[in-house]
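Structural overview for review
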Amino acid sequence: QVRLVESGGGLVQAGDSLRVSCRYSGLNPWDYDLGWFRRPPGSEREFVGAINWSGRTSIYADSVKGRFTIARDNARNTVSLEMNNLTPEDTAVYYCAAERSGAVLKRADYDWWGQGTQVTVSS
C-alpha cells in the first residue's frame, strides 16, 4: 500500500524561505519518480516540480524555477521541496506525488498522492 505524507507547512512572510517534506512508504524509491504539486485557494491543482528516481534529474514549473529546489533521500524514503523568496502567490496546499519511473519526468497524471500541507505567505 503506497502512502505519502507531507509535513512542514506553515505561515511565513513574503521573502521568507520554507522547506516542506514528504515521507513515503509502500514503494521502492529506486523505481519511482516523485513530484510536487500545489492548489492555490479557489484554484486548480498545478504542477510545481519533479525529480527522477535517482535524484539526478529535476524539472520545475516556470513560476518557481530558480526559487524552488527538490531533493530526495532514497535511503530515508523522503523528498523535500525547498522554497525561497516566497510571495503571496505561492500560498497553496502543497502535495507530493509518486509514479513509476518512465523515460521522461511527467507534469501530470501521477498515480499516488499525499493529503497536502498548507503553506501561507503573507504580504
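Residues numbered from 1 in each chain as written. Predicted model: local features only at pLDDT ≥ 70, side-chain atom pairs only at ≥ 80, totals over all residues. Heavy atoms only, no water.

**Concerning the environment of A103**
To be explicit about the condition: Only DSSP runs of H or I covering at least 4 residues are called helices, and only runs of E covering at least 2 are called strands; the numbering of each starts at the N terminus.
Mapped onto the elements, A103 comes out in the loop between β9 (92-100) and β10 (112-113). Sequence separation between A103 and N52 is 51 residues, and the spatial gap between their C-alpha atoms is 9.8 Å.

**Quick look at the pairing of strand β3 (residues 18-25)**
Put simply, the rule is: When a residue's accessible area, from a 1.4 Å probe over protein chains only, is under 20% of the maximum for its type it is buried; when over 50% it is exposed; and in between it is partly exposed. Note: two strands are recorded as paired if DSSP finds a minimum of 2 bridges between them.
Only one face of β3 is buried, namely the one carrying L18, V20, C22 and Y24, since none of R19, S21, R23 and S25 on the opposite face is buried. Relative to β3, strand β1 (residues 3-7) runs antiparallel, the two sharing five bridges. Note that in β3 the partner of E6 across the bridge is C22.

**Describing the packing of aromatic side chains**
The line we're drawing: Pairing of aromatic rings covers Phe, Tyr and Trp, the last counted by its six-membered ring, and requires centre-to-centre distances within 6.5 Å; plane angles under 30 degrees mean stacked, over 60 mean edge-to-face, and any other angle means tilted. Only when the NZ of Lys or the CZ of Arg is both within 6 Å of the ring centre and within 35 degrees of the ring normal is a charge said to sit over the ring.
According to the stated counting rule, one finds five aromatic pairs in the structure shown. Ring geometry for F37 versus Y110: centroids 5.3 Å apart, planes at 75 degrees, classification edge-to-face. Placement of F37 in strand β4 (residues 32-39) and of Y110 in the loop between β9 and β10 is noted, with a sequence separation of 73 residues between them. Owing to a relative accessible area of 4%, F37 belongs among the buried residues under this scheme. Ring geometry for Y110 against W113: centres 6.4 Å apart, planes inclined by 65 degrees, an arrangement best described as edge-to-face. Taking the relative accessible area as the measure of exposure, Y110 reaches 6% and is therefore buried. Among the aromatic side chains, those forming a connected cluster through ring pairs are F37, F47, Y110 and W113. In this structure, R45 is placed above the aromatic ring of W113, and the distance from its NZ or CZ to the ring centre is 3.7 Å.

**Brief notes about the pattern of salt bridges**
The condition is simple: Each reported salt bridge corresponds to a side-chain nitrogen of Lys or Arg within 4 Å of a carboxyl oxygen of Asp or Glu.
Per the stated rule, a full pass over the model turns up eight salt bridges. Salt-bridge contacts for E44 lead to R39; the nearest nitrogen and oxygen are separated by 3.9 Å. Accessibility expressed as a relative area gives 60% for E44, which makes it exposed. Notably, a salt bridge pairs D73 with R76, separated by 3.1 Å at the nearest N-O pair. Residue D73 is classed as partly exposed on the basis of its relative accessible area of 27%.

**Details of unusual backbone geometry**
When glycine is set aside, most residues are seen to have a negative phi, and most peptide bonds are trans. Positive phi outside glycine occurs at N77, with the angle close to 55 degrees. Residue placement: N77 occurs in the loop between β7 (68-73) and β8 (78-83). For N77, a relative accessible area of 23% corresponds to the partly exposed category. Residue D109 is not a glycine yet carries a positive backbone phi of 65 degrees. Overall, the relative accessible area of 61% leaves D109 in the exposed class.

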